[in-house]
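# Summary of structural features
The lines below spell out each chain.
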Amino acid sequence: MYKVCSLFAGVGGIDLGFLQTNECEVVYANEFDKYAVTTYEKNFKTKVDCRDIHEVKLEEIPEFDIMVGGFPCTSFSVAGYRKGFEDDRTGDLFFEMERIFKVRKPRVIFLENVKNLVGHDNGNTFRTIIKCLEEAGYKDKIRYNVLNACEYGDVPQNRERIYIVAFREKEDYDNFQMPLPIQLNTTIKKVFNFDGKVDEKYYYTEGKFKGDIYKQLSEEMNDDNTVYQWRRKYVRKNQSNLVPTLTANMGEGGHNVPLIKTKYGIRKLTPIECFYAQGYPQNYVLPDNMSDARLYKQAGNSVVVPVINRIANNIVSALDSTN
Ligand SMILES: C[S@@+](CC[C@H](N)C(=O)[O-])C[C@H]1O[C@@H](n2cnc3c(N)ncnc32)[C@H](O)[C@@H]1O
């Protein structure tokens, strides 16, 4: 078993992708959002260290082979502030990972982030990250790619993310390749409940919302193979059979959850459907008594599990061949 150290674990999307290889175990997970931790602990055996990562001492982290983390991306994403490392709120969190990997030198480091990480600050942010990895002993042993979930994960979501994999050993690096594209066979019809009824609160009906939202939605949402969004004044139609990139702020005022036209009417995706749109399996469970806003945020903050799993499988095979 390869031992995984998971930082910024959220609800465990990256952890799950590695666990699904059946050759990894999560020996340490850190996440300071107590609601995300509740969801995480409902699904995994690992007890999460829920302190701020800045407070965690190196010697408190058990031995591990693989370090994984989708460090917070608010400072890099186009939707965020675009301040990168200067963002005093979250900008230094990559350096918290560095603090650990430069001393512990794990065999593999796996990082996930928004696509915009590469172009941020004319490439300076990304160069800094690569330089930190190189100086820690991973020079010339780093592979990275931007992969879209609908092309690499057989998940009908348009979600482009950068995946960075760094190896300590040259042989592991040589044995590893990023996954190749695969056919998208999974349709939104397979992922969402078009034929059944969900809780009343998710439906748009006449008079339920201010103005003529319902009228506009019912006029324009004419295709049940398409996911729509309400954008303040107009209805946005997405590409057929593709969910737009789920975001952490959906479910908050003004940032609406994607909509579908079902047998029982026009409605929002439910929180669990947003997890399914990230490729989470049917046996993943959400806590009762947690607000939808929190659950939507957790789903939007997470990752596309099958893409992670395909990369994790390749990592594990690379390490196995070296061994
Ligand atoms: C982009 S999300 C990662 C989500 C995760 N990959 C998943 O699949 O759910 C970043 C996470 O970092 C956590 N975080 C932010 N700052 C932190 C800190 N100082 N210490 C610990 N966790 C932190 C946030 O609460 C958030 O859940």
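Residues numbered from 1 in each chain as written. Predicted model: local features only at pLDDT ≥ 70, side-chain atom pairs only at ≥ 80, totals over all residues.

### Describing the nonpolar core
Counting residues in hydrophobic clusters, the biggest one holds 82 residues, and the most contacted among them are Val 4, Ile 66, Met 67, Ile 109, Val 165, Ile 308 and Ile 315. Sorting elements by how many residues they give to this core places helix H11 (residues 305-322) first, with eight residues. Formed jointly, this core draws a minimum of three residues from each of two domains, domain 1 (2-183 + 302-322) and domain 2 (188-299). When sequence neighbours within four positions are dropped, the list of residues in contact with Ile 66 reads Tyr 2, Val 4, Cys 24, Pro 106, Arg 107, Val 108 and Phe 110. (Core = buried A, V, L, I, M, F, W, Y, C linked by C-beta atoms within 7 Å. Buried ≥ 20, exposed ≤ 12 C-beta atoms within 10 Å, placed from the backbone. Helix = DSSP H or I, 4+ residues; strand = E, 2+ residues; numbered from the N terminus. Domains from an automatic or database assignment. Contact = placed C-beta atoms within 7 Å.)

### Let's talk about helix H3 (residues 93-104)
Taking 1.5 Å of rise per residue, the 12 residues of H3 would be expected to cover 16 Å, and the 17 Å separating its terminal C-alpha atoms lies within 8% of that figure. All buried positions along H3 are accounted for by Leu 93, Phe 94, Met 97, Ile 100 and Phe 101. The arc enclosing the buried residues of H3, seen along the axis, measures out at 125 degrees, which places them on a common side. Its buried side turned inward, H3 meets strand E1 (2-7), strand E3 (66-69), strand E4 (108-114) and helix H4 (124-138). Where H3 ends, the next residue or the one after it, Lys 105, has phi of about 40 degrees, a positive value. (Expected span 1.5 Å × (residues − 1). Arc of directions from axis to C-beta.)

### Concerning the environment of Arg 143
Relative to the helices and strands, Arg 143 is located in strand E5 (residues 142-148). Among the residues examined, Arg 143 registers 15 C-beta atoms within 10 Å and is labelled partly exposed. Note: C-alpha distance between Arg 143 and Val 165 (22 residues apart in sequence) is 5.3 Å. Beyond its immediate stretch of four places on either side in the chain, Arg 143 contacts Val 165, Phe 176 and Met 178.

### Examining the sheet that holds E5
Overall, mixed pairing links the six strands, which are arranged E2-E1-E3-E4-E6-E5 in an open sheet. Edge positions in the sheet fall to strand E2 (24-29) and E5, since each has one partner strand and no second. Geometrically, the sheet is characterised by an average inter-axis angle of 20 degrees between neighbouring strands, direction not taken into account. With five bridges connecting them, E1 and E2 associate as parallel partners. Paired with Ser 6 across the strands is Ala 29, a residue of E2. This element, H11, spans E1, E2, E4, E5 and strand E6 (160-167) of the sheet and lies at about 15 degrees to E6. (Pairing = 2+ DSSP bridges. Axes fitted to C-alpha atoms, helices over the stretch in contact; angles between N-to-C directions.)

Purely spatial values, then, with no claim about function.
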